[in-house]
Amino acid sequence: MDLRTMTQSLVTLAEDNMAFFSSQGPGEMARRLTGVFVGIREQALGLEPALGRLLSVAHLFDLDTETPANGYRSLVHTARCCLAHLLHKSRYVASNRRSIFFRTSHNLAELEAYLAALTQLRALAYYAQHLLTTNQPGRLFFEGDERVIADFLQEYVTLHKGCFYGRCLGFQFTPAIRPFLQTISIGLVSFGEHYKRNETGIGVTASSLFTGGRFAIDPELRGAEFERIIQNLDVHFWKAFWNITEIQVLSSLANMASTTVRVSRLLSLPPVAFEMPLTSDPELTVTISPPLAHTGPGPVLVRLISYDLREGQNSKELSSFVTSEGPRSLELRLRPQQAPRSRALVVHIHGGGFVAQTSKSHEPYLKSWAQELGVPILSIDYSLAPEAPFPRALEECFYAYCWAVKHCALLGSTGERICLAGDSAGGNLCFTVSLRAAAYGVRVPDGIMAAYPATMLQSTASPSRLLSLMDPLLPLSVLSKCVSAYAGAETEDHSDSDQKALGVMGLVQRDTALLLRDLRLGASSWLNSFLELGGQKSHLKSVPKTEPMRRSVSEAALTQPEGPLGTNSLKSLKLHDLGLRNSSDTTDTPELSLSAEILSSSAPSTVNFLLGSEDESEVSEAPEELNSKDRLRGVGSAFPEGFHPRRCSQGAMWMPLYSAPIVKNPFMSPLLAPDSMLQTLPPVHIVACALDPMLDDSVMFARRLRGLGQPVTLRVVEDLPHGFLSLAALCRETRQAAALCVERIRLILNLPSPPV
């Protein structure tokens, strides 16, 4: 059923139900039912033209005709799901309203909940229209004055969200997912209560998490509490909640239900520098230094998973790296039979918003991968924010990747083909590890499989990010807290009441801590930008050719004098400041740093994200005009006169907008990388979710790579939430989506298709 027909049918049913209940006398229930159908009629008629406009231009933002996916399409699809549910419920009411078995209060509560959801979706449709008028042609992310986007986001987060977390929870997803989401939501609000009493979350039992009685029987109460939690609790709460799967009982149950493998060993890689050959000249080497950022040298934990015991995996050398997983961990004795080394190796980087989870959380589907692919898998347990912010995770993942390439024989592989695979934050790290490998001149992976990756960590808006208003797994405020933690700026509480509660000495201690934090972040940001972005080709050319190859690249960078590119130019860096260098400027060896020609604020150039070269000249002038126009119009003008969306009942909320220069670093937001860096990436295969707030990250990244002639594929699965890999065993749809990821990895590794 097309959108207009669906809207007309819903309006007709609403009017019929209005007439019936208005004739039933002055009773409270009849009055409320009449009012709810009046609201449904009004919102449906107002929403239909807005959705029609979005649909008319949505195709302009697709990767290609075979991949019709972007945030505008997803927003329209979500609104259609809500309209379809209201249409079904309105028909049910019209057919059963005279029956003595008609549950008036139950149907009224559901209609009121979905009317609230429809009202908020109408607001999102107007916001999406606002993005259409202010964004660059063909681009999904807002680019321009950070004050404008800050106003937009602060306005957006005041919208009421509780209606999406009660009776309407997960209405946009496949029905098989909804019971799981309901269980998670009950567990979340129950965990929130325990967390308020005990800030560490320690002592919370698995049974107490999912048996919150009043939250289970009262969806409205659960939705209100869910909204309060996502707005008010800090990143440490989410870190604790997402790590519930690490609890011994739950992890043991997950392992019992997962594939049995012969090898699952946790290894600790010592912080020792080693040499790697350069791909351009294997006679020369580069030093791979151990991770140093923030906490100094330290071991990197990795987990080796293999369905079969292969040569090298029970060697004494590998056993010297094995570490205990705790007092209750058991390690099965390996059988003496050994399979030959595999031709391929998968290096996996887990997701978790950069702040939570380990390879243990992702072990169930990794074991299935090991069985289906028949290759060893090395999963990296990188250090997590906020204790270890950027670039610590990148350094550890890069170090572990290089160690795996150098010692693949110990892992049961010959290393002929190597695939980097990761989900969410792990997908981001897969891209940045590959960029770093190319910058160092060492072997890059033969391909990357990234599931629903985050490629843009800068504070900005896009149509798919609007879906975070209703996503129970990725609310915008939670995303902001995770990225803020990864950027090194932990969320602070800005409420006056809390400041008063601190007292004079508390305020002194807090301000001192903030000062020390700012000093640390400033030094870290400067050092990182100096190492990764501050070099110049003239400096590199003046260094003897053999010397820097023997030293650490970071060490070589530290010896370079500071160039004209200072920190001020980095602070003003925007998308349009990153440009495509002429082919005559490039060299055969990838550079570790971006050249001054790219980053200099005195001569900015426009990145060719989506448009052809003939369009660049007219587009480059648009941002200033759009910013000025938008600043005059104001965000509130996105709504037509007379329309007022529901606002959050939790009061004003402070949300970190992570606008620090560090989030614009290409090694943190690979979508912002210049063309010369992206051209060093191997073939990229992305599997995204149509209803994921991160969908536009995948679409725009794929469009950039496609525009550069880089091999890239994008597959978008329908009706599934972000993080479906961890739900692979839940239903048929998640199993099919996980199988798609395995098929992409198989393509990278040149493995034969499995027998049907």
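These notes cover the structure that comes with them.

Focus on the overall build of the protein chain
Along the backbone of the protein chain there are 27 helices and ten strands. Within the protein chain, buried positions represent 58% of all 756 residues. Look at the contacts in the protein chain between residues 6 or more apart in sequence, and 83% of them connect residues 24 or more apart. Of the roughly 30,500 Å² of accessible surface on the protein chain, 54% is carried by carbon and sulfur atoms.

Comments concerning the pattern of salt bridges
All chains considered together, the criterion is met by 23 salt bridges. Between arginine 31 and glutamate 28 there is a salt bridge whose closest N-O contact spans 2.7 Å. Note that arginine 31 and glutamate 28 are positioned in helix α2 (residues 28-58) at a spacing of three residues, about one turn of the helix. One network of salt bridges, with partners in common, ties together Lys360, Glu363 and Lys367.

Things to note about the side chain of histidine 348
Structurally, histidine 348 is set in strand β5 (residues 342-349). Not counting residues within four places of it along the chain, the set of residues in contact with histidine 348 comprises His362, Tyr365, Leu366, Trp369, Ile377, Leu378, Ser379, Ile380, Ala421, Gly422 and Asp423.

Re the sheet that holds strand β6 (residues 377-381)
Strand order in the open sheet made by the eight strands is β1-β4-β6-β5-β7-β8-β9-β10, with mixed pairing throughout. Strand pairing shows two members of the sheet lacking a second neighbour, β1 (263-269) and β10 (712-717), which therefore form its edges. Shown here is a sheet whose adjacent strand axes are inclined to one another by a mean of 20°, direction ignored. Relative to β6, strand β4 (residues 300-306) runs antiparallel, the two being bridged by five bridges. What sits directly across from valine 302, in β6, is isoleucine 380. Each of β1, β4, β5, β6 and β7 (413-423) is contacted by helix α14 (residues 392-406), which is oriented at about 155° to β6, the strand it contacts most.

Section: the packing of aromatic side chains
Within this structure, the stated rule accounts for 26 aromatic pairs. Between phenylalanine 20 and phenylalanine 21 the ring centres are 5.1 Å apart and the planes differ by 85°, which places this aromatic pair in the edge-to-face class. On the basis of relative accessibility, which here comes to 5%, the residue phenylalanine 21 falls in the buried class. With centroids separated by 5.1 Å and ring planes inclined at 65°, the aromatic side chains of tyrosine 127 and phenylalanine 152 adopt a geometry described as edge-to-face.

Examining the pairing of strand β9 (residues 684-689)
Most of β9 is tucked away, with six of its six residues classed as buried. In the sheet, strand β8 (residues 447-451) pairs with β9 via four bridges, with the strands oriented parallel. Bridge pairing links alanine 450 to isoleucine 686 in β9. The sheet contact formed by β9 and β10 spans six bridges and is parallel. Each bridged residue has a counterpart across the sheet, and for alanine 688 the counterpart in β10 is valine 716. Handedness of the β-α-β unit built from β9, helix α26 (residues 695-707) and β10 comes out right-handed.

Points about the packing of helix α3 (residues 71-96) against helix α4 (residues 104-134)
Interhelical geometry of α3 versus α4 gives an angle of 155° and a closest axis separation of 10 Å. With respect to α4, the axis of α3 lies roughly antiparallel. Two packed elements cross with a definite hand, and for α3 against α4 that hand is left-handed. Partitioning the contact of α3 with α4 into residue classes produces 19 nonpolar, three polar and two charged.

Details of unusual backbone geometry
Here the residue pair alanine 385 and proline 386 is connected by a cis peptide bond, since its omega of 0° sits within 30 degrees of zero. Inspection of the secondary structure puts proline 386 in the loop between β6 and α14. Residue proline 391 follows phenylalanine 390 across a cis peptide bond; omega there is 10°. Residue position: proline 391 is located in the loop between β6 and α14. Within the chain, histidine 294 stands out as a residue other than glycine whose phi angle is a positive 70°. Among the structural elements, histidine 294 can be located in the loop between β3 (285-288) and β4. Residue classification places histidine 294 among the partly exposed positions, given a relative accessible area of 30%.

Rules behind the numbers
Residues numbered from 1 in each chain as written. Predicted model: local features only at pLDDT ≥ 70, side-chain atom pairs only at ≥ 80, totals over all residues. Heavy atoms only, no water. Helix = DSSP H or I, 4+ residues; strand = E, 2+ residues; numbered from the N terminus. Buried < 20%, exposed > 50% of the residue type's maximum accessible area, 1.4 Å probe, protein only. Contact = heavy atoms within 4.5 Å. Areas by Shrake-Rupley, 256 points an atom, 1.4 Å probe, with all protein chains shown as cover. Salt bridge = Lys/Arg side-chain N within 4 Å of Asp/Glu carboxyl O. Pairing = 2+ DSSP bridges. Axes fitted to C-alpha atoms, helices over the stretch in contact; angles between N-to-C directions. Phe/Tyr/Trp six-rings, centres within 6.5 Å; stacked < 30°, edge-to-face > 60°. Right-handed = clockwise from strand over helix to strand, strands pointing away. Parallel < 35°, antiparallel > 145°, perpendicular 65-115°, else oblique. Left-handed = near helix turned anticlockwise from the far one by under 90°. Nonpolar A, V, L, I, M, F, W, Y, C, P; charged D, E, K, R; others polar.

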